[in-house]
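Chains, contacts and geometry: an overview
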Amino acid sequence: MPGLGASFGRGAATTFQRDLANSDCVLIMGSNMAEAHPVGFRWALKARERGARLIHVDPRFTRTSAMADTYVAIRAGSDVAFLGGIINYLLEHDLWFHEYVLHFTNAATVVAEGYVDAEDGGGLFAGFDPSTGRYDRDAGAWGYSIAGGAPEQDPTLRHPRCVFQILRRHFARYTPQTVAEICGCSPADVIRVAELLARNSGRERTSAIVYALGWTQHSTGVQMIRSAAIIQLLLGNIGRPGGGIMAMRGHCSIQGSTDLPTLYDLLPGYLPQPAVVPEQATLASYLQNGRGFSAALNNRAAGFWQEEAFAGYWANLPRFMVSLLKAWYGDSAARENDFGYGWLPKNDGDHSELATFFRMYEGGVRGLFLIGQNPAAGAPNAELNRAALRNLDWLVVRDWFEHESANFWYADPRIDDPKKIRTEVFFLPAASIPEKDGTFTNTERLIQWHEKAVDPPGDCRSDAWFIYHLGKRLKDLYRESALKRDEPIRNLTWNYERDEPERLPDGTLSRIGDEPDIEKVLKEINGRRLSDGAMLESFAELRDDGSTACGAWIYCGVFPREDFNRARSRNPAIVESTYPEWAYAWPANRRVMYNRASADPEGRPWSERKKLIWWDEQQRKWIGNDVPDFEVAKPPSYRPGADARGMDAIAGDAPFIMHPDGRGWLYAPSGVKDGPLPAHYEPRESVTENRLYETQTNPTLREYASEINQLARRVDPDFPIVATTYRLTEHYLSGPMSRFNSWLNELQPEMFVELSPELANERGIEHRGWMVVATPRGEIEARAMVTRRIRPLTIEGRTVHQIGLPIHWGYAGETVGAIANDLTALITDPNVSMHEAKAFSCKVRSGRLARSNLGEPVPAAPRANRSDPIPGTPRWAEPEGRFNSRGLRRRG
Amino acid sequence: MGILADLFYPFRRPAQPPARPATGFFTDTTLCIGCKACEVACKQWNQLPSDGFNFTGDSYDNTQALSGTTWRHVVFVEQFPQPQKTESGFAPEALDIEALLAEPPAGRWLMMSDVCKHCGIAPCEIACPTGALIVNEFSNIYVQNDICNGCGYCVAACPFGVIARSPLDGHAHKCTLCYDRQRDDMPPACAKACPTGSIQFGPIDELRVRAHARLEELDARGVSGAYLYGDSPSASYSALNAFFLLIDKPDRYGLPNDPERPQLHLRGDYLRAAFGTLAALAVIAASLMSHVF
Amino acid sequence: MQPRIVTKAPPWHGWVTADLFLLSTASGTFTMAAMVVLLRPWEMDALARAAFLIVFPLMLADLACLILDLGDPARFHHMLRTFKPSSPMSVGVWTISAFSFIAFLAFIAEILDWPQSAIRSIAAAGLVPALVAGAYKGVLFSATAQPGWRRMRWLGGAFAVSSASMGAGLMLALAAGAGQPGAARLFRFIVMWLLVLNALAVRRVMGSTATTGHLSDVGDRRAALRVSLCYTGFIVAGLGVPIVLCAIGGGNSTIDGLTAAIVLGGGLASRQFLVALPHRSAPNRT
């Protein structure tokens, strides 16, 4: 999440969901929290009940809007403009938190000469290379101005090139009127939201911003998050109770999957994946040139960074990296062989999911393991993804049910002859969550253990079981090999064998004898001191001499003792505003990150009401209700000397310790690939011209141009309607887990399209009737849900219609329906290769397709043993609904 | 053997469990986010089958009503005015920020999780000719599955349309207030699953106090039109042990505005029936005794 | 806006209609026969005997309907585990049980040709259960929450009179069939006055329609209109015609038969109409 990473230092939500209850105002935007995260939403609701204002800004009036005090409808994809309007209003009306901004952000820092803002470059920042469609990383045009070895500062904020003035100029044209015309709302809406945020921020009050996939799935998603970060920094809401930016993740452990990444360009703990470049050929050169943070985000900026990158927490990179290599390669990793650095795969290009599937479509991938993923319905341009699957030699699918990506070769209604599909598909049944041990790392970085309750039925096994045994077999295969290329597998530590047979919670022996010991995996991630094998309690204990092993430095501390799994702790006790004994939050069980900012530069809480941690002069340390995100004994008055390195280079009043300058970045000199400041670009498929810049769309977005991935023209009159995709509470993702459950299916049984009565009238579409939605990629048919919750917007004097498409259906399951992702396009943003499913253009008509492509539902599974008594259970203890027409007999 | 046992089984009267404090639900619709977790939790705990997959287009309400196999049902009511044209000639200087912030939202989407009302005086329980419907030790109205013979009179008696006869077994079913869970000191599945505290379970006295406090709280927050439905008895109906906090008229949520206890006129009805009987008898007797014939 | 109807229609259909019809006929017939046996035994003893022979089979058929109408027919006897005056259904079940037993006794008595005194005792003992059985269904319906039923305060009275008139109608048919013009004349007279009474009772039932308007319970206007038309048709065809026939059709056994058929048919039709009422007005899934 470079949006947050570049702004604050770590790419994760800055706070935790429960903390929303401490907010005085919660802005939910790009998120339908009540529907997609109903359990977390309770805290937002609690805040409302305590008198906070709840604001929802969204193209659709959703169940979240129903709970909000203020709702603003905007055009999908216009979020940067709306947020820019708020920034403009805060700056022009002097509503920002002066002391916070001056000390804790880089507002006073002067940017190097040669920087060109989008304002002057027609929507392009300095350094854009039209031939590659990228900003030139080495041009250094976004860097700070260096004076005397440190970034130049102007505490008066008057320097024309200081960040504050740049910000002001950059957002000068984002006036409420202009923004309203872009977004289709009224100027008063922009002012209302800005005022609410401003009035509920400052010393005494804090506001929080919540976002989710509604911001990330855009070609400008990272910049939307950056805009929110700028607002929160200007209002002084980061690092304080009830403040922050809450990133709501789309999957239950997606945070975990970026922490211990399934990403191609990161190693566990956000260490950069080494690349195939001469500068990273050896461990030493990797540590020297990879430069932790900046390389992790694949961006390198101007001279300041070359010189000073060893400031901040990333100076510890060698300790993290060497400990990781020791965890992976064990005794084989030694100083002499670079701790096995050479065995790490080196990155040679874009291997993100979408890029890989495009290569698969083009024939560049032969085999695929698909574990808990359903690209045939869930990925953008689903037909492209299905074509990619059809191009494989072999495919292994592990899941609970035979979903679209497993049965595409015969169940896809567009397939005429299954014999012509060459892909050999292996479907392996997977265990579900209560059938296996493991952890979830949720959106607030909270590592939570879940216990296995029962054995999975039949041949279902945990994914860990599959990976573990696959690994064992691979190691067996290469055991005798003397080839150098096989060393990575031969030297990999791979022992998660159980010491004792597995037992279920009721004490009985598990039927499955060979499940790996998941706690051993978590212990390896936590790390040990190798001299005595003791578990590490903190990543401060990590060493770069090979004496510690740690699978992910950020998780260090989750298993501090051999018998103490903190992810498993379940003490709900609340300490002021946090609950430190409920599971474990990385890093170091910190609940609110950058919490040094909850105290003023001198270390005193900004206010009694919003205190979190503070400097205690007697004890000479930081104390409070949370684990300080700061060196505990560093006084507020500390100032680094000229030669200071690492954490010593961070001043006592600089809360953002992951950044080399310790400040929150209003202006991001590095870390973001499409500009140091957010600029409004239209979605790739937009119904209107960019009103602010000549540059219509994000200049750095990647289009996967192809026959199967056609895109609409610029402001294409053939596709005049804005479409957005979304989730319903009743289903999950593309439905592989929910569409096989009749309890959920009866709640939302059919694919529908939400549209306004005005659009329905215009196109003769009837409520509950059939309608067709088409984009250049394809067309789908679905039921029409005509509702006033969708309202037409006025953009530049004309009426613009929007429609909403739930993403939950496909051709597998008890209920079948059109796949919304048949309409979406495969285009990706430059930072995280995220696609743009939340804003695209389409056309609609009444009626059905000539050839329906909904598919055949599988019969709904009867609830097991509905009328049979449960063996060994007295009649009165059986579930009430276990209807038994012969209930009298055989009573217990 | 079996047949004999079946014949005598219903006449056995096991000892009644001692009374416990009356429990009930307080459903606060201002906190309901329409997630339907209550519906699913109820079906899952009680092992109730789905009622079929019917897209209704009635907002997000596809289960439509309580039934013999749906014991919690979330009602969705969309209330949106005709959209107005956005104002032209916006003048930021003339803007009254205070008025702007106080402006109420233009539309609303009401949600309510409906359930058996567990009436203080329950018509279904009074009507039941078998005694299958009982007031259990928690003062909840409970159908004894093994006694009910499916006569359907409770269905006719319920003014809320709650209880229904399931075609699966021919017996009447409705919310049990998770009697089985209560006996194990656990809250009902729906209340447990509700993420926002819209469904609150507890001793009914406590709930009523809580509900009144909640009303005051809402009043202080400026929420207009909030009131309690079924909190106290009306002229024609008892108080409900599962009562609601609503912000619009009851019938907007599918509740009767003014429920009436069906047995309210029972004595009079019996008398009128007797009167009719006597009248008919008089005609017959007079004719038979007449010497005209 | 019409308030939404939220009640569920009870799962009662054809079996219940048949039950209402059979029970009314049986109880009315028994009442007539018992009254005859008690008040005019000398004249129409044969007719009374024939009636007693009919009542019990009618009751058997009725019991079958009652049982089949249950969701779980194997559990009819569960209704006998408790007696609840608060539940007209419970009152009815006990009454029907008692009445069936007496009807059975009467049947046996006729078959075995028990002495007159025994039959008179049976008739006297059966009179109360028969009358209650003829009337309670009306209370059963009116003591519900169903639109259309719940405001029919006089439905019990109407049922009582209707049952009696149906019994008298059957007796009229028997008398006409047996060629007993005197008895036919008597029963014609009784039928006529009972029908007049019936019309008054129906008027009471409908009266509440006019004043407090239970038709306002009925969701849509067209349904309300249909209901009104049905009422009117019921009054005119079901009550008016046989009254006129009774008044003018002296001595013609065909006309007497027709009269009886209309009375019985009208009874059946009005009961079917009554049973269907909630289904018509409360759209739901039962």
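A brief report on the enclosed structure follows.

Analysis parameters
Residues numbered from 1 in each chain as written. Chains lettered and ligands numbered in written order. Predicted model: local features only at pLDDT ≥ 70, side-chain atom pairs only at ≥ 80, totals over all residues. Heavy atoms only, no water. Helix = DSSP H or I, 4+ residues; strand = E, 2+ residues; numbered from the N terminus. Buried < 20%, exposed > 50% of the residue type's maximum accessible area, 1.4 Å probe, protein only. Contact = heavy atoms within 4.5 Å. Areas by Shrake-Rupley, 256 points an atom, 1.4 Å probe, with all protein chains shown as cover. Lys, Arg positive; Asp, Glu negative; His and termini not counted. Charge placed at Lys NZ, Arg CZ, Asp CG, Glu CD. Patch = residues over 30% accessible without salt bridge, like charges linked within 9 Å, V, L, I, M, F, W, Y side chains within 5 Å. Salt bridge = Lys/Arg side-chain N within 4 Å of Asp/Glu carboxyl O. Buried area = accessible area lost by both parts, 1.4 Å probe. Polar contact = N/O pair within 3.5 Å; in protein donor to acceptor, adjacent residues only side chain to side chain. Pairing = 2+ DSSP bridges. Axes fitted to C-alpha atoms, helices over the stretch in contact; angles between N-to-C directions.

The helix and strand inventory of chain A stands at 25 helices and 31 strands. For the C-alpha atoms alone, the extent of chain A along its principal axes is close to 85 × 75 × 60 Å. When each of the 892 residues of chain A is scored for burial, the buried share is 64%. Put simply, of all contacts in chain A between residues at least 6 apart along the chain, 71% involve residues at least 24 apart. Accessible area of chain A: about 31,600 Å², with a carbon and sulfur share of 50%. The centroid of the 104 positive side-chain charges in chain A is displaced by 4 Å from the centroid of its 113 negative side-chain charges.

With that settled, consider a nonpolar patch on the surface. Residues and elements named next belong to chain A. Taken together, the side chains of F369, I371, W394, F426 and I467 make up a nonpolar region of the molecular surface, amounting to roughly 410 Å² of accessible area. Examined against the element boundaries, F426 turns out to sit in strand 14 (residues 424-429). According to the relative accessible area criterion, F426 is partly exposed, its value standing at 37%.

Okay, the environment of A193 of chain B next. All names here are of chain B. Along the chain, A193 turns up in helix 7 (residues 189-193). With relative accessibility at 28%, the residue A193 sits in the partly exposed group. A193 sits 56 residues away from K249 along the chain, and the two C-alpha atoms are 27 Å apart.

Two side chains carrying opposite charge are able to pair once their charged atoms lie near each other. Residue and element names in this part refer to chain A. As enumerated under the stated definition, the model contains 86 salt bridges over all chains in all. A salt bridge links E35 to R63, with the shortest nitrogen-to-oxygen separation between them at 3.0 Å. Placement of E35 in helix 2 (residues 33-36) and of R63 in helix 4 (residues 63-67) is noted, with a sequence separation of 28 residues between them. The residues E35 and R63 share a single accessibility class, namely buried.

Interface size is commonly expressed as the accessible surface area that is lost when the partners come together. Counting residues at the interface gives 65 residues for chain C, matched by 70 residues for chain B. Taken together, both faces of the contact between chain C and chain B bury some 5,700 Å²; the carbon and sulfur share is 62%. If you look at where chain C meets chain B, you find one salt bridge. For D269 of chain B, the salt bridge identified is with R153 of chain C, shortest N-O distance 2.8 Å. At the junction of chain C with chain B, the criterion picks out 30 residue pairs in polar contact (both at pLDDT 80 or more). Mapped by element, the contributors of at least two residues to the side of chain C that touches chain B are helix 1 (14-39), helix 2 (41-69), helix 3 (88-111), helix 4 (116-142), helix 5 (155-178) and helix 6 (181-211) of chain C. Among the elements that line the side of chain C that touches chain B, the one with the most residues is helix 6 of chain C, at seven residues.

Residues and elements named next belong to chain A. Across the sheet, which stays open at both edges, the three strands sit in the order 12-13-14 with parallel pairing between neighbours. What marks the edges here is a single partner per strand, and that holds for strand 12 (367-371) and strand 14. If you compare each strand with its neighbour and ignore which way they point, the axes differ by 10° on average. Of the strand pairs in this sheet, strand 12 and strand 13 (residues 394-399) are connected by five bridges, and their pairing is parallel. Residue I371 lies in a different strand from strand 13, and its bridge partner there is R398. Its contacts with the sheet put helix 21 (residues 463-477) on strand 12, strand 13 and strand 14, and the angle it makes with strand 12 is roughly 150°.

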